[in-house]
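As a plain string of letters, each chain reads:
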Amino acid sequence: MSREMDKPLISLHLVDSDTSLAKVPDEAPKVGILGSGDFARSLATRLVSSGFKVVVGSRNPKRTAGLFPSAAQVTFQEEAVSSPEIIFVAVFREHYSSLCSLSDQLTGKILVDVSNPTEQEHLQHRESNAEYLASLFPTCTVVKAFNVISAWTLQAGPRDGNRQVPICSDQSEAKRAVSEMAIAMGFMPVDMGSLASAREMEAMPLRLLPAWKVPTLLALGLFICFYAYNFVRDVLQPYVQESKNKFFKLPVSVVNTTLPCVAYVLLSLVYLPGVLAATLQLRRGTKYHRFPDWLDHWLQHRKQIGLLSFFCAALHALYSFCLPLRRSHRYDLVNLAVKQVLANKSHLWVEEEVWRMEIYLSLGVLALGTLSLLAVTSLPSIANSLNWREFSFVQYVATSSGGKMGSGSGIPEFQSQDPHLPDQTSVLGSRSFCCSLVSVSTPYGHREDLSWTR
Ligand code: NAP
């Protein structure tokens, strides 16, 4: 009994400093690291806290030893690579050749290449860094891994950053050993196949939101077109025809009128490819033919287009809330009051206008809430936590309530029937705010996207 009590509740091997309850073998293997830079330091910290024995190889161990956790052994490169079976190469590609003097000691060992090229280097070299390392050390097995994990994520733990670690190698045993190590460190290995995939893996950190480029350009293009149209209609035309100076509308009012137009069109562009794809499949009488490339790309971008539509709608809501704060709006109200007094009118109340505005506002807020729900459930972390039935349920509830709001309201262009009233077409609850957010079916159905694109 007393022996039982002496045991810690959680085995030391199972605890790492912050996150993973990863299982490390009782005989924790020794892991080598070549290099003593930022990445090497963070990697050593994570490995030590995950229960591994770490030996770091540096050209100048005396200078760098103090920067590493005390549990890590920092020594010369030759000594560091002598005993571990797995050695991380945390140096830049241009210095790989300086490690050739270690060839004999490295024979038969697993070298983990963590390097990332710069954009220029990536274009310049046709072979990946990992393949280059493999050509320098033909007697070793090279595994490409951890290059997408930053030193900061390694240090902070996977709880606070990307957890996926793509891994590739020509030897499955070596790949398995590194994958187990990644799991023990709290990461999620993703098998990328042979070492030929290393080039693709090295391109990963260089990508800048690739899926967002076309949708963002599309949204910008639409914004410019609609802004130009609204500028001509609301500012230029009154100026030319009636000599009215309405240029003050440019920063807020015209932007606010433009945003829902963009949101509308983007939302329709989310649905259109689904309809086109369905029509194509019906015409072909089969779903086993590939869609044309342009349609395939369009289908794959629906989620981003839908989220941009949501972004525009949300901005429109914010702008609309700010409209009454404008100085011009206050002047309009005061002028209206003065006109009322001069016309000897004491009570201004148009029942129909009042009701219409109340309904616009309510539907607008409900529709924005619905669109927010769809947008939130489209985020991978949330979508992945829902099963297919839950996901469909959220889509169904959102779309059916959105559809009812849209078809039931049939909201016309709001025009004040009192010519003295200030411009109310763009006040919160305007037709555009409501209508842009309705008729939402499954724009963010990325699971459906997959079934379409397969
Ligand atoms: P760093 O801070 O500049 O460290 C590079 C290390 O390489 C030096 O500390 C040096 O250690 C060692 N080295 C070995 N031979 C060398 C030579 N001939 N000349 C100069 N240095 C030599 O770079 P890092 O940020 O740690 O990056 C190391 C590798 O990890 C790179 O390939 C990088 O692409 C990759 N990586 C880094 C990150 C990150 O967030 N930093 C993320 C993913 C991947 P000694 O002087 O002790 O020998």
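Here the structure is a predicted model, which means the values were calculated and not measured.

### Observations concerning the packing of aromatic side chains
Move 1: One pass over the full model with this rule turns up eight aromatic pairs.
Move 2: Seen in terms of ring centroids, tyrosine 96 and tyrosine 132 are 6.0 Å apart; in terms of plane orientation they differ by 20 degrees. Their pairing is stacked. Of this pair, tyrosine 96 sits in the loop between β4 (86–89) and α5 (103–106) while tyrosine 132 is found in helix α7 (residues 129–136), placing the two residues 36 residues apart along the sequence. Comparing tyrosine 96 with tyrosine 132, the two get one shared label, buried.
Move 3: Seen from their ring centres, phenylalanine 223 and tyrosine 227 are 5.9 Å apart, and the 25 degrees between their planes marks the pair as stacked.

### Quick notes on the sheet that holds strand β7 (residues 164–169)
Move 1: With mixed pairing, the eight strands of this open sheet are ordered in space as β3-β2-β1-β4-β5-β6-β7-β8. In the strand order of this sheet, the two ends are held by β3 (73–76) and β8 (188–191), each with one partner. For this sheet, the mean angle separating the axes of adjacent strands, direction not counted, is 30 degrees.
Move 2: Relative to the sheet, helix α2 (residues 38–49) contacts β1 (30–34), β2 (53–58) and β4, its axis offset from that of β1 by approximately 170 degrees.
Move 3: In the packing of α7 onto the sheet, the strands contacted are β4, β5 (110–113) and β6 (141–144), and the crossing angle to β6 comes to about 170 degrees.

### A few points about the site of the ligand
Move 1: With respect to spatial proximity, 20 residues lie near the ligand, and among them Ser36, Phe39, Ser58, Arg59 and Asn116 are the closest.
Move 2: Valine 91 places a main-chain nitrogen or oxygen 3.1 Å from an oxygen atom of the ligand.
Move 3: Contacts to the ligand include serine 98, whose side-chain N or O atom sits 3.3 Å from a nitrogen atom.
Move 4: About the coverage of the ligand: the protein hides 80% of its 890 Å² of free accessible area.
Move 5: Here the ligand is seated within the second largest pocket.
Move 6: Residues of the shell around the ligand, tallied by class, amount to seven nonpolar, 10 polar and three charged.

### Regarding the nonpolar core
Move 1: Among the nonpolar cores identified, the biggest contains 33 residues, and Ile33, Leu47, Phe88, Phe146 and Met185 are the most heavily contacted of them.
Move 2: Residues contacting phenylalanine 88, with those up to four places away along its chain left out, are Val31, Gly32, Ile33, Leu34, Leu43, Leu47, Val112, Val114, Phe146 and Met181.
Move 3: With 21 residues, the next largest nonpolar core counts Leu34, Val81, Leu133 and Ala198 among its residues.

### Thoughts on the UniProt feature "transmembrane region" (unreviewed entry) in the protein
Move 1: In the numbering adopted here, UniProt assigns the feature "transmembrane region" (unreviewed entry) to residues 214–232, 252–280, 305–326 and 359–379.
Move 2: Secondary structure across residues 305–326 comprises 82% helix and 0% strand; the distance between its end C-alpha atoms is 31 Å.
Move 3: Taken as a whole, residues 359–379 contains 90% helix and 0% strand, while its terminal C-alpha atoms sit 31 Å from one another.

### Considerations on the layout of surface pockets
Move 1: Size it by volume and the second largest pocket reaches roughly 620 Å³.
Move 2: Taken together, 26 residues make up the lining of the second largest pocket; nearest its centre are Gly35, Gly37, Ala90, Val91 and Phe92.
Move 3: Contributing elements (two or more residues each) for the lining of the second largest pocket: α2, β2 and α3 (61–64).
Move 4: Here the element with the most residues in the lining of the second largest pocket is α2; it accounts for three residues.
Move 5: When its residues are assigned to classes, the lining of the second largest pocket shows 10 nonpolar, 13 polar and three charged.

### A word on the pairing of β8
Move 1: Relative to β8, β7 runs parallel, the two being bridged by four bridges. Looking across to β8, one finds that proline 166 is bridged to valine 190.
Move 2: After leaving β7, the chain enters helix α9 (residues 172–184) and then returns to the sheet as β8, a path that is right-handed.

### Comments concerning empty space enclosed by the protein
Move 1: Scanning the model with the defined rule gives two cavities of 30 Å³ or more in all.
Move 2: Taken together, Arg93, Pro117, Glu121, His122, His125, Glu127, Asn129, Arg199 and Glu202 form the lining of the second largest cavity.
Move 3: Its residues placed into classes, the lining of the second largest cavity shows one nonpolar, three polar and five charged.

How each quantity is defined
- Residues numbered from 1 in each chain as written.
- Predicted model: local features only at pLDDT ≥ 70, side-chain atom pairs only at ≥ 80, totals over all residues.
- Heavy atoms only, no water.
- Phe/Tyr/Trp six-rings, centres within 6.5 Å; stacked < 30°, edge-to-face > 60°.
- Helix = DSSP H or I, 4+ residues; strand = E, 2+ residues; numbered from the N terminus.
- Buried < 20%, exposed > 50% of the residue type's maximum accessible area, 1.4 Å probe, protein only.
- Pairing = 2+ DSSP bridges.
- Axes fitted to C-alpha atoms, helices over the stretch in contact; angles between N-to-C directions.
- Contact = heavy atoms within 4.5 Å.
- Near = heavy atom within 4 Å.
- Polar contact = N/O pair within 3.5 Å; in protein donor to acceptor, adjacent residues only side chain to side chain.
- Areas by Shrake-Rupley, 256 points an atom, 1.4 Å probe, with all protein chains shown as cover.
- 1 Å grid on protein atoms, 1.4 Å probe; cavity = no way out; pocket = protein on both sides within 12 Å on 5 of 7 lines; lining within 4 Å.
- Sits in = over half its atoms within 2 Å of the grid points.
- Nonpolar A, V, L, I, M, F, W, Y, C, P; charged D, E, K, R; others polar.
- Core = buried A, V, L, I, M, F, W, Y, C linked by side-chain atoms within 4.5 Å.
- UniProt positions renumbered as here; feature names shortened; annotations may be inferred.
- Points joined across faces, edges and corners; volume = space filled by probe spheres on them.
- Right-handed = clockwise from strand over helix to strand, strands pointing away.

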